[in-house]
Amino acid sequence: MFNLKGEFVKSYVMDKFFIVYTISPDGRTLYAVIDDPDLYIAKYSLNEK
């Protein structure tokens, strides 16, 4: 992830290939259209562990 200035913030490893994605305004949820015929839209929690 990068902030609005283009500076690197953090990275995530996901288990699916994204076609299009967006992150919620609070930065805690990622919504994505994925390449999976059984589930086209995915929701990922980006909570810190």
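Residues numbered from 1 in each chain as written. Predicted model: local features only at pLDDT ≥ 70, side-chain atom pairs only at ≥ 80, totals over all residues. Heavy atoms only, no water.

A. Inspection of the sheet that holds strand 3 (residues 41-45) at higher detail. With respect to topology, 3 strands assemble into an open sheet ordered 1-2-3, the strand pairing being antiparallel. Two strands lie at the open edges of the sheet, namely strand 1 (18-23) and strand 3, each paired on one side alone. Direction aside, the axes of adjacent strands within the sheet are offset by 25° on average. Looking at chain direction, strand 2 (residues 29-34) and strand 3 are connected through 5 bridges and run antiparallel. Within strand 3, the residue paired with alanine 32 across the bridge is alanine 42. (Pairing = 2+ DSSP bridges. Helix = DSSP H or I, 4+ residues; strand = E, 2+ residues; numbered from the N terminus. Axes fitted to C-alpha atoms, helices over the stretch in contact; angles between N-to-C directions.)

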